[in-house]
Amino acid sequence: MTDAVGFPGPPARRLEAVFRADASAAIGTGHVHRCLGVADELKARGHGITFVCRSEPGHLVELIRDRGFDCIVLPAGIGPEEDARRTVAVIEAKGAPVDWVVVDHYGLDAGWETIVGRASRRVFVVDDLADRPHDSDVLLDASHGEDATSRYDGLVPARTKLLLGPPFIPLRREFFGRPRTPRQPRPVRRILMTFGGNDPLDMTGRALRALDHPDFAAIALDVTVGTSNPRLEEVRRQAQRMPQATLHVQHPQPSILMDAADLCLGAGGTTSWERCYLGLPSLIVVLADNQREIAERLDRMGVVRSLGDGNRLTVEDLRAAVQSAMGDQAWQLASSRAGQALVDGGGIARMVRVIEEMGG
């Protein structure tokens, strides 16, 4: 028996899982938020959860703890071998077998996984780069489809179960729990700006300057930033000078802002999938190398318009892109429908099923 998004019935037994993910000013917050969505559902089903994170500048340790999870903090700047040794110490200190270690981290590979795997029953890797070997029981790459199985040839052992493609996009319950209906054609009256928790390129400031223009005087602007944004006060001052702009710092329910918006100007990270699910037409900016391939593929599919590398975009480029998108209602509608067709919201339920079946 399953619920509406495919969660299985009650688990056969309680599992213990350790999540290893980091957030920082350099790598952003997506890895931790992705893990939190899965951890929330596992906890709701009675499983035990512990997070392990490094104390890098811009970490989200307090946010994790505020969500009700234990979070063990590792020193900043340690290498993979020391990281693995300290993670094993966390596992051994629990005094009970750990069923799963879930690792979502571009800086860790098979060497780390082999060491940690000796202290746990199974290892679950979340990746989308396919640029390094892994030693895991499960590997999830939601950004590439089943036709991309060959990406991991020679990178994972034969035993690894591959979970590939948009069916496994781990949307949080905040999103998949919302009713969604196909968007109808409508003029753009509200724009959402969202460039991640840290925004390393200061795209928020650049976008505000782009839309601080008479053409957008009647457009409401919702601007989201994280508390770890190093330019928070500067962005706050910019937004205060624009009567149509509202600044939201660490907004607790971004789905509300996405639902209300007619157009989004944002980063090409994990929130791209959330916008797809809610059918929000989006212009996305590549803020990191790992976003480039996905941004280009979604652009080719007609799901988004990719504006390319943020380092190369001027204020004038951003202004022109938004003006063009506002005037193209046919693209807005096609983008919205393509996004909703791509992301069905059942990704975490499918992950939970695999974790419980293999862990039980």
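Coordinates for the structure precede this section.
Residues numbered from 1 in each chain as written. Predicted model: local features only at pLDDT ≥ 70, side-chain atom pairs only at ≥ 80, totals over all residues. Heavy atoms only, no water.

Enquirer: Would you take a moment to explain the environment of cysteine 264 for this structure?
Expert: By the element assignment, cysteine 264 lies in strand S11 (residues 263-267). Residue classification places cysteine 264 among the buried residues on the basis of a relative accessible area of 0%. For the pair cysteine 264 and proline 254, spaced 10 residues apart in the sequence, the C-alpha separation amounts to 12 Å. Not counting residues within four places of it along the chain, the set of residues in contact with cysteine 264 comprises Leu192, Thr194, Arg275, Leu280, Pro281, Ser282 and Leu283. (Helix = DSSP H or I, 4+ residues; strand = E, 2+ residues; numbered from the N terminus. Buried < 20%, exposed > 50% of the residue type's maximum accessible area, 1.4 Å probe, protein only. Contact = heavy atoms within 4.5 Å.)

Enquirer: Looking at this structure, I do not really get the pattern of salt bridges. What am I missing?
Expert: In a structure, side chains of opposite charge can pair up when their charged atoms sit close to one another. With the rule as written, the count across this model stands at 34 salt bridges. Arginine 14 is the salt-bridge partner of glutamate 16, the closest N and O atoms lying 2.3 Å from each other. Residue glutamate 16 is classed as buried on the basis of its relative accessible area, which comes to 15%. Put simply, aspartate 309 and arginine 292 hold a salt bridge, and the shortest N to O gap is 3.3 Å. Taken together, the positions of aspartate 309 in strand S13 (residues 305-309) and arginine 292 in helix H10 (residues 289-300) put the pair 17 residues apart, joining distant regions of the chain. Connected through shared salt-bridge partners, Arg20, Asp22, Arg54 and Asp83 make up one network. (Salt bridge = Lys/Arg side-chain N within 4 Å of Asp/Glu carboxyl O.)

Enquirer: Help me understand unusual backbone geometry, please; the structure alone is not making it clear to me.
Expert: Across residues other than glycine, the phi torsion is negative in most instances, and most of the peptide bonds are trans. In this structure, aspartate 199 is a non-glycine residue whose phi angle is positive, near 50°. Tracing the chain through its elements places aspartate 199 in the loop between strand S8 (190-194) and helix H6 (203-211). Not every positive phi belongs to a glycine, and aspartate 202 is a case in point at roughly 55°. Mapped onto the elements of the fold, aspartate 202 is located in the loop between S8 and H6. Take aspartate 202: its relative accessible area is 12%, and that puts it in the buried class.

Enquirer: How do you make sense of the packing of H6 against helix H7 (residues 232-240) when you look at a structure like this?
Expert: Packed helices, taken two at a time, are described by the angle their axes make and the gap between the axes. Packing of H6 against H7 brings their axes to within 10 Å, and their N-to-C directions diverge by 15°. The angle between H6 and H7 falls in the class roughly parallel. Here H6 and H7 pass one another in a crossing that is left-handed. Packed against H6, whose contacting residues are Thr204, Gly205, Leu208 and Arg209, the element H7 presents Val235, Gln238 and Ala239 at the interface. The residue inventory of the contact of H6 with H7, partitioned by class, reads 3 nonpolar, 3 polar and 1 charged. (Axes fitted to C-alpha atoms, helices over the stretch in contact; angles between N-to-C directions. Parallel < 35°, antiparallel > 145°, perpendicular 65-115°, else oblique. Left-handed = near helix turned anticlockwise from the far one by under 90°. Nonpolar A, V, L, I, M, F, W, Y, C, P; charged D, E, K, R; others polar.)

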